[in-house]
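# Structure assessment
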Amino acid sequence: MDFRVFSLGSNDGLAKKIAEQLGTTLGAVELQTFSDGEQYVRFEENLRGKHIFLVQSTNSPAENWIRLLLAIDAARGASASEITAVVPYYGYARQDRKARSREPISARVFAMTLENLGAARVVTMDLHADAIVGFFRHAIVDNLYARRAFIPRLREVFKDAIEADDLIVVSPDAGGVARAQSYAKRLMKRADLAIIHKEREVPNQVARMKLIGDVKGKIALIPDDMVTTCGTLVKAAEMLVQDGAREVYACATHGVLSGDANAILDKSPIKKLFITDTISADRELSSKIEIVSVAGIFSEAIRRIEEGESLSELFEAE
């Protein structure tokens with residue numbers, strides 16, 4: 001297979017694991033931040049005729065996006081045969097529609113930019129909205145699911161609760177029902193669900209919450225695509241405890257964990273929060289957090305792309 005995997009700095013740990021599982025090493029690339037904050041990218045090996053995989057999560061700061069865009073342009077100029085952007089966490093995904101006049105659709109802006117610079121394929125995970133795939137007109141988009149990594153681990157953790165039929169999956173909002181159902185049917189004998197209905201008055205701040213369903217005496221699991229400030233998640237957990245839940249756990253693909261998220265989680269009734277390494281794990285995290293790696297999913301996706309195999313099997317949990 002004539003391909004090379006490069007890490008652009010935002011998530012070196014995950015990129016290294018992906019390369020190792022592919023039986024290769026990361027390609028050599030020089031990354032610099034100049035004194036004025038501008039970014040510099042230069043590949044230090046021949047790319048001509050090679051398929052290039054650029055691993056870069058695009059969480060804050062914006063420099064992570066800039067490095068990815070510059071690297072795509074550099075690889076195209078160096079005659080790479082095909083460029084795939086491996087974006088485990090796709091930043092700006094929550095800005096996927098125009099909610100008010102005179103707003104940009106930011107997720108679409110980055111999709112168009114990736115395509116225009118020369119990315120032939122984008123491999124990402126648990127996009128905030130499936131509709132984002134439609135923003136790409138030419139590039140092939142593979143939106144992988146973290147549940148393939150989460151489900152085996154959750155089956156271990158909740159083995160007794162599953163056997164006793166004591167586990168209930170709770171959707172954190174109406175929009176997450178399909179995700180919650182996908183976890184429930186793979187974890188439980190009966191796919192029982194509870195749903196939290198929430199109303200927001202300002203972004204990232206919930207005004208009112210209401211529980212639909214019975215969680216009394218149950219172990220509750222809240223699956224979500226991302227956890228940012230932990231404020232909404234903790235409010236949901238407190239509501240579940242008030243309504244009789246025995247224990248509350250949560251899992252979220254993208255552990256953004258901004259602001260005082262770790263401290264808020266530490267003080268919460270949540271027993272454990274499972275996140276993946278789509279965003280670098282090389283940072284201080286709450287003792288309540290357990291990281292489940294998705295390196296195997298991405299490495300298998302790259303292998304299948306290179307060997308011309310179907311990726312459909314990767315969309316099902318084992």
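First, a word on scope: everything that follows refers to the structure included in this document. Treat the numbers as computed from the prediction; the structure is a model and nothing was measured.

### Notes on the pattern of salt bridges
Side chains bearing opposite charge may pair, as long as their charged atoms lie close to each other. Going through the model one piece at a time under the given rule, you end up with 18 salt bridges. In this structure, D142 and R121 form a salt bridge, with 2.7 Å as the shortest nitrogen-oxygen distance. Pair noted here: D142 is in strand β7 (residues 140–144) and R121 is in strand β6 (residues 121–125), with a separation of 21 residues, a long-range link. Of the residues examined, D142 reaches a relative accessible area of 10% and is grouped as buried. Here E300 and R304 are joined by a salt bridge, their closest N and O atoms 2.8 Å apart. In this pair, E300 and R304 both sit in helix α9 (residues 295–307), four residues apart, roughly one turn of the helix. On the accessibility criterion, E300 (22% relative accessible area) is partly exposed. Among the ionic contacts, a cluster of salt bridges with common partners joins E300, R303, R304, E307, E309 and E313.

### What about helix α1 (residues 12–21)?
One full turn of an α-helix is made of 3.6 residues, so residues set three or four places apart face in the same direction. All buried positions along α1 are accounted for by L14, A15, I18 and A19. End-on view of α1: buried residues confined to an arc of 135°, all on one side of the axis. Counted as exposed and oriented over 90 degrees from the buried face of α1: K16 and E20. In the core, the buried residues of α1 are packed alongside β1 (3–7), β4 (51–55) and α9.

### Comments concerning the nonpolar core
Here is a general trend for soluble globular proteins: nonpolar side chains tend to be buried in one another's company. Counting 42 residues, the largest nonpolar core has L154, F158, L167 and L187 as the members making the most contacts within it. When sequence neighbours within four positions are dropped, the list of residues in contact with F158 reads L167, I219, L221 and Y249. Among the nonpolar cores identified, the runner-up in size contains 34 residues, and L68, F110, F135 and V141 belong to it.

### What about unusual backbone geometry?
Looking along the chain, the bond that leaves S60 and enters P61 is cis, with omega of 5°. One can find P61 in the loop between β4 and α2 (63–77). Although it is not a glycine, C230 sits at a positive phi angle of roughly 75°. Along the chain, C230 falls in the loop between β11 (219–227) and α7 (231–242).

### Quick word on the packing of α2 against helix α3 (residues 106–117)
For any two helices packed against each other, the geometry comes down to the angle between their axes and how far apart the axes lie. For the pair α2 and α3, the least separation of the axes is 9 Å and the interaxial angle reads 20°. Considering the angle they form, α2 stands roughly parallel to α3. When α2 is examined against α3, the residues W65, L68, L69, I72, D73 and R76 are found in contact with a partner set consisting of F110, T113, L114, N116 and L117. Tallied by class, the residues present in the contact of α2 with α3 amount to seven nonpolar, two polar and two charged.

### Some details on the pairing of strand β12 (residues 247–255)
Counting buried positions along β12 gives eight out of nine residues, so the element sits mostly inside the fold. Here eight bridges tie β11 to β12, and the two strands are oriented parallel to one another. Residue pairing in the sheet places I219 in a bridge with E247 of β12. Remark: the β11/α7/β12 crossover connection has right-handed handedness. As defined by bridge partners, β12 adjoins strand β13 (residues 270–276) across five bridges and the pair is classed as parallel. When the sheet's bridge partners are listed, C251 is paired in β13 with F274. For the handedness criterion, the β-α-β arrangement of β12, helix α8 (residues 261–266) and β13 is classed as right-handed.

Cut-offs and rules
- Residues numbered from 1 in each chain as written.
- Predicted model: local features only at pLDDT ≥ 70, side-chain atom pairs only at ≥ 80, totals over all residues.
- Heavy atoms only, no water.
- Salt bridge = Lys/Arg side-chain N within 4 Å of Asp/Glu carboxyl O.
- Helix = DSSP H or I, 4+ residues; strand = E, 2+ residues; numbered from the N terminus.
- Buried < 20%, exposed > 50% of the residue type's maximum accessible area, 1.4 Å probe, protein only.
- Arc of directions from axis to C-beta.
- Contact = heavy atoms within 4.5 Å.
- Core = buried A, V, L, I, M, F, W, Y, C linked by side-chain atoms within 4.5 Å.
- Axes fitted to C-alpha atoms, helices over the stretch in contact; angles between N-to-C directions.
- Parallel < 35°, antiparallel > 145°, perpendicular 65-115°, else oblique.
- Nonpolar A, V, L, I, M, F, W, Y, C, P; charged D, E, K, R; others polar.
- Pairing = 2+ DSSP bridges.
- Right-handed = clockwise from strand over helix to strand, strands pointing away.

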